[in-house]
Each structure stands twice: as structure tokens, then as C-alpha cells.
Amino acid sequence: MTAALVAARRLVVFSRGHSSALAEFMVRRLVRSGYEAVAPTNVDWEAPEQLARLQAGDVLLVFAFRGLRAEVERLLAFAHQRGVRTVLIGDFIGTSVREKPGHLLLAPRGEEGEYQSFLVPMAICSILILELTRRDEGRSIRALERIGEVKEMLAAARRNLP
């Protein structure tokens, strides 16, 4: 699965509700590692704009927890029609969708009525980023070095201000 992420031209990370924090975290880490990634925050206008740009060679990463089954199934079907690779990180919704993702990573967050933790999904995100770094032939390290250079340039500019 990580090979598909490393080879991706572009990654769109889709989430709704509380899982948007996971999407934001994942996109930030992907961008820092040199990947083109977005997490549309507005379902009414931004998500359709980003999803319409999906094409073969891209990856759709979906966070789905409780509910959203119909929406997730339609997203996966849409992606599959376009030849887009799909990854679903979620709780047991992932095992019940008719349109199966290319990769399913189960991330249980607790039983109904219990405290719902993002500990497991966050750990999966971190492991994916670490595995990408291990496999991307230095891409992540080069991206972080470029970011460091820009930070140094900006810090130097601030020091020279009156």
C-alpha cells in the first residue's frame, strides 16, 4: 500500500466531523514530506472541486467512522471509476461498505457509548508517514531540508528588521 502512496501524483484526504483533525494532521505531514496533498474542509464546494480533479495515479484517502456509509460508498465508486487508488482508515464501517477500498486499515476507537479515542487512527497515520519516509528514496528528507532552508531565510529576514 505504501508503494501506491509513494507513487501518487496527488493525494486527496477526505473526512467529515471530528476526523477532520486526522485529515489535517495527515496532510500536513504529507506536504512536509514532499507530497502534493489536500484535505478539503468544505463538503459543499471545496470537496467537489478537489474530488473532480482526481485521476489515475492519484490516491483518495478516506477517514470514516460511524455513519457516512452511503457517502463513503459513493466516494469509493467515484474514485474506482477514475482509476484512483483508495485507502480507507476507519472503524467497522470499513468492513460493511459494498464498494470496497483498495486498502482498508481498521482503526477501532471504542465501542458505542464509550469514549471515542483517535489514538489508533493517529498511530496509523504516523506509521504510514514513517513508512513513506523509509521507502521514498530520500524525497521526505530533501523536502524537510528545503523547508529548513526557507525557515532559516525567514528567520534571517526577521533578525535584520529594525
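Structure: see above.
Residues numbered from 1 in each chain as written. Predicted model: local features only at pLDDT ≥ 70, side-chain atom pairs only at ≥ 80, totals over all residues. Heavy atoms only, no water.

Enquirer: Where do I start with helix H7 (residues 139-159) in this structure?
Expert: Between its first and last C-alpha atoms H7 spans 31 Å; for 21 residues at 1.5 Å apiece the expected length is 30 Å, and the two agree. Ser-140, Ala-143 and Ala-155 are the residues of H7 that are buried. Here the buried residues of H7 occupy an arc of 110° about the axis, which is enough to place them on one side. Opposite the buried face of H7, at more than 90 degrees from it, the exposed residues are Glu-149 and Glu-152. Elements that come into contact with the buried residues of H7 comprise helix H2 (20-32) and helix H6 (119-135). (Helix = DSSP H or I, 4+ residues; strand = E, 2+ residues; numbered from the N terminus. Expected span 1.5 Å × (residues − 1). Buried < 20%, exposed > 50% of the residue type's maximum accessible area, 1.4 Å probe, protein only. Arc of directions from axis to C-beta. Contact = heavy atoms within 4.5 Å.)

Enquirer: Can you walk me through the sheet that holds strand E2 (residues 37-38) in this structure?
Expert: Adjacent strands of a sheet form backbone hydrogen bonds with each other and so pair up, either parallel or antiparallel. Reading across from one edge, E2-E1-E3-E4-E5 is the order of the five strands in this open sheet, with parallel pairing throughout. Two strands in the sheet have a free side with no partner beyond their single neighbour: E2 and strand E5 (103-106). Summarising the sheet, strand E1 (residues 11-14) and E2 pair through two bridges and their orientation is parallel. The residue of E2 that forms the bridge with Leu-11 is Ala-37. (Pairing = 2+ DSSP bridges.)

Fair warning: the whole summary comes from geometry, so function is off the table for now.
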